[in-house]
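# Structural overview
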Amino acid sequence: MPTDSFEKNNLGWQLSQLQQKIGEWWELQTSQFAPNVPNLSLPSWWDSPILQKLVKTAFWVILGLLLIWVGWQMWQRFHPYIYSLTNPLKQTADKGSRTPAQELSVATWLQRSQKLQQQGNYREACRCLYMAMLQRLNDSGLAPHHSSRTDGEYLQLVQQLSQPQPYQTLIMTHQRLCFSNAEVSSAVFEQCQQAYREIEAL
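Since this is a predicted model, take the numbers as computed values, not measurements. Once a new chain begins, its residue numbering starts again from 1 and follows that chain's sequence as written. Since the coordinates come from a predicted model, pLDDT governs what is reported: local features require at least 70, and pairs of side-chain atoms require 80 or more to be given and counted, while whole-chain, interface and lining totals use all residues. Based on all heavy atoms of the structure, the side-chain values leave hydrogens and waters out of the count.

## Overview of the pattern of salt bridges
When the charged atoms of two side chains lie near each other, side chains of opposite charge can form a pair. Salt bridges are defined as contacts in which a side-chain nitrogen from Lys or Arg sits within 4 Å of a carboxyl oxygen from Asp or Glu. All told, the structure shown has one salt bridge when counted by the stated rule. Salt-bridge contacts for arginine 127 lead to glutamate 124; the nearest nitrogen and oxygen are separated by 3.1 Å. Taken as a pair, arginine 127 and glutamate 124 lie in helix α5 (residues 122-140) at a separation of three residues, close to a single helical turn. Exposure is judged per residue with a 1.4 Å probe applied to protein chains only, and the accessible area is read against the type maximum: over 50% gives exposed, under 20% gives buried, and values in between give partly exposed. Under the relative-accessibility criterion, arginine 127 is labelled partly exposed at 30%. Secondary structure elements follow DSSP: runs of H or I of four or more residues count as helices, runs of E of two or more count as strands, with numbering from the N terminus.

## Topic: the confidence of the model for the chain
Known as pLDDT, the predictor's per-residue confidence is scaled from 0 to 100. This prediction gives the chain a mean pLDDT of 79; 77% of its residues lie at or above 70. Here helix α3 (residues 88-97) is the element of the chain with the lowest mean pLDDT, 45, and helix α4 (residues 106-118) is the one with the highest, 92. Residues count as neighbours in contact if any of their non-hydrogen atoms are within 4.5 Å of one another. Below pLDDT 50 for its whole length, residues 89-102 participates in nine contacts with residues either more than four positions away or in separate chains.

## A few points about the environment of leucine 202
Within the secondary structure, leucine 202 is located in the segment after α8 (186-201). For leucine 202, a relative accessible area of 49% corresponds to the partly exposed category. Separated by 39 residues in sequence, leucine 202 and glutamine 163 place their C-alpha atoms 8.2 Å apart. Contact partners of leucine 202, with chain neighbours within four places excluded, come to Gln163 and Tyr167.

## Structural notes on the packing of aromatic side chains
Two aromatic rings from Phe, Tyr or Trp, using only the six-membered ring of Trp, form a pair when their centres are within 6.5 Å; if the ring planes differ by under 30 degrees the pair is stacked, by over 60 it is edge-to-face, and anything between is tilted. A full pass over the atoms with the stated rule returns two aromatic pairs. Summarising the aromatic geometry, the rings of phenylalanine 59 and tryptophan 60 are spaced 5.1 Å apart at their centres and angled 75° between planes, so their arrangement reads as edge-to-face. Ring geometry for tyrosine 122 against phenylalanine 189: centres 6.2 Å apart, planes inclined by 40°, an arrangement best described as tilted. Note that tyrosine 122 is positioned in helix α5 and phenylalanine 189 in helix α8, a separation of 67 residues in sequence. Over a ring means this: the NZ of a Lys or the CZ of an Arg is within 6 Å of the ring centre and within 35 degrees of the ring normal. Taking the ring centre of tryptophan 109 as reference, the NZ or CZ of arginine 112 above it sits at 5.3 Å.

## A short note on the state of the cysteines
Sulfur atoms of two cysteines make up a disulfide when they are within 2.5 Å. Throughout the structure, instances matching the rule amount to zero disulfides. Cysteine 192 supplies the cysteine sulfur nearest to cysteine 126, a cysteine that is in no disulfide, at a spacing of 3.7 Å.

## Thoughts on the nonpolar core
Met133, Leu137 and Leu170 are the most contacted members of the largest nonpolar core, which has 28 residues in total. Taken together, the elements giving at least two residues each to this core come down to α4, α5, α6 (151-158), α7 (165-178) and α8. To qualify as a nonpolar core, a set must consist of buried Ala, Val, Leu, Ile, Met, Phe, Trp, Tyr and Cys residues joined through side-chain atoms within 4.5 Å.

Structural data, given as structure tokens:
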């Protein structure tokens, strides 16, 4: 068989040569950074089947706890939405059985706020001040009650007033209270109370 019929060079062989050269270059570069590092081998007890089982068990327990924690965090964040989607009839019945918020007078909301503040329930006390403000806006005709009206819409309405700042304080505080589970301090309540006093003085 003549030697001219054999392939002397092809693309696969060139790629394997290039791969080998890159590997050797990489090995040379990395060996320059750590020339004195001894070749460390794992101790013999590391190969123990008992230790390997313990490590696997610990891994799965930690992973399971992490998944439980993530699930709990998601439940805490989304359960009000899930509840509102799954129980619309119950919520409608509850709303019908309670006195609508807009039917309470400003004085009643202020009394509730003071009572809750004395009990240390600053979150609900702030909410009562917010409701007193809304009732005041309704009574004055500036913003009649609409069950679908959002805090953002109230913010737009109070922008038109000559002094919107105290209204904005109460509305923004109410938004924070609705979308957070953080504890409300007496200082936050005092800010809301001061804002309401400024509204009364207008």
